[in-house]
Amino acid sequence: MVRHIVMFRLAADSDRARLAKEFKEAIEKLPAVLPTLDAVAVGINDGPAAGNWDIVLTADCADYAALEAYSAAPEHLACVAIIKPALEGRVCVDYTVD
């Protein structure tokens, strides 16, 4: 299994709370429609520390081919479009889970 972890930072002048909530709701519907996505979870930062990232996504796929299919799926790209105009940063780690 491949675990895909992504953190997103949204622009300070954007409606971060609304965008994060819309993104979370949209992404969490994807396992029901994308057979290449086994599981997904989205967390929205509510910690008080300055400089924290806004959103973290954890997705599990069977292998790297499944991850690539998920990443390229129109349903996934529609979710990304929710936050893309406000996106200031993205960091990602993909690793194989034993």
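Up top is the structure.
Draft legend 1. Structural context of the nonpolar core. Of all hydrophobic cores here, the largest spans 25 residues; its most connected members are F23, I27, L37, I55, L57 and Y70. The set of elements that each furnish at least two residues to this core consists of strand 1 (2–10), helix 1 (16–27), strand 2 (39–44), strand 3 (55–61), helix 2 (64–72) and helix 3 (74–83). Top contributing element to this core by residue count: helix 1, with 5 residues. In contact with L57, not counting residues within four places along its chain, are H4, I5, V6, F8, F23, I27, V40, A41, V42 and Y70.

Draft legend 2. Looking closely at a nonpolar patch on the surface. There is a patch of nonpolar side chains on the surface, built from M7, V56 and V91 and spanning about 190 Å² of accessible area. Residue position: V91 is located in strand 4 (residues 87–96).

Draft legend 3. Here's a closer look at the sheet that holds strand 4. Spatial strand order, 2-3-1-4: 4 strands in an open sheet with antiparallel pairing. Edge positions in the sheet fall to strand 2 and strand 4, since each has one partner strand and no second. Geometrically, the sheet is characterised by an average inter-axis angle of 15° between neighbouring strands, direction not taken into account. Across the face of the sheet, helix 2 comes into contact with strand 1, strand 3 and strand 4 while running at roughly 130° to strand 3.

Draft legend 4. Seen up close, the packing of aromatic side chains. One pass over the structure, following the stated rule, counts 1 aromatic pair. Arranged with centres 5.4 Å apart and planes meeting at 70°, the rings of F8 and F23 form a pair that is edge-to-face. Linking F8 in strand 1 with F23 in helix 1, this pair joins segments that are 15 residues apart in sequence. Above the face of the W53 ring, R9 is positioned so that its terminal group lies 4.2 Å from the ring centre.

Draft legend 5. Representation of the packing of helix 1 against helix 3 within the structure. Axis separation between helix 1 and helix 3 bottoms out at 8 Å; the angle between their running directions is 175°. The orientation of helix 1 with respect to helix 3, classified from their angle, is roughly antiparallel. Contacts from L19, E22, F23, A26 and I27 in helix 1 reach H76, C79, V80, I82 and I83 in helix 3. Looking at the contact of helix 1 with helix 3, its residues break down into 8 nonpolar, 1 polar and 1 charged.

So, how was this worked out
Residues numbered from 1 in each chain as written. Predicted model: local features only at pLDDT ≥ 70, side-chain atom pairs only at ≥ 80, totals over all residues. Heavy atoms only, no water. Core = buried A, V, L, I, M, F, W, Y, C linked by side-chain atoms within 4.5 Å. Buried < 20%, exposed > 50% of the residue type's maximum accessible area, 1.4 Å probe, protein only. Helix = DSSP H or I, 4+ residues; strand = E, 2+ residues; numbered from the N terminus. Contact = heavy atoms within 4.5 Å. Patch = residues over 30% accessible without salt bridge, like charges linked within 9 Å, V, L, I, M, F, W, Y side chains within 5 Å. Areas by Shrake-Rupley, 256 points an atom, 1.4 Å probe, with all protein chains shown as cover. Salt bridge = Lys/Arg side-chain N within 4 Å of Asp/Glu carboxyl O. Pairing = 2+ DSSP bridges. Axes fitted to C-alpha atoms, helices over the stretch in contact; angles between N-to-C directions. Phe/Tyr/Trp six-rings, centres within 6.5 Å; stacked < 30°, edge-to-face > 60°. Lys NZ or Arg CZ within 6 Å of the ring centre and 35° of its normal. Parallel < 35°, antiparallel > 145°, perpendicular 65-115°, else oblique. Nonpolar A, V, L, I, M, F, W, Y, C, P; charged D, E, K, R; others polar.

These figures come from the coordinates and say nothing about function on their own.
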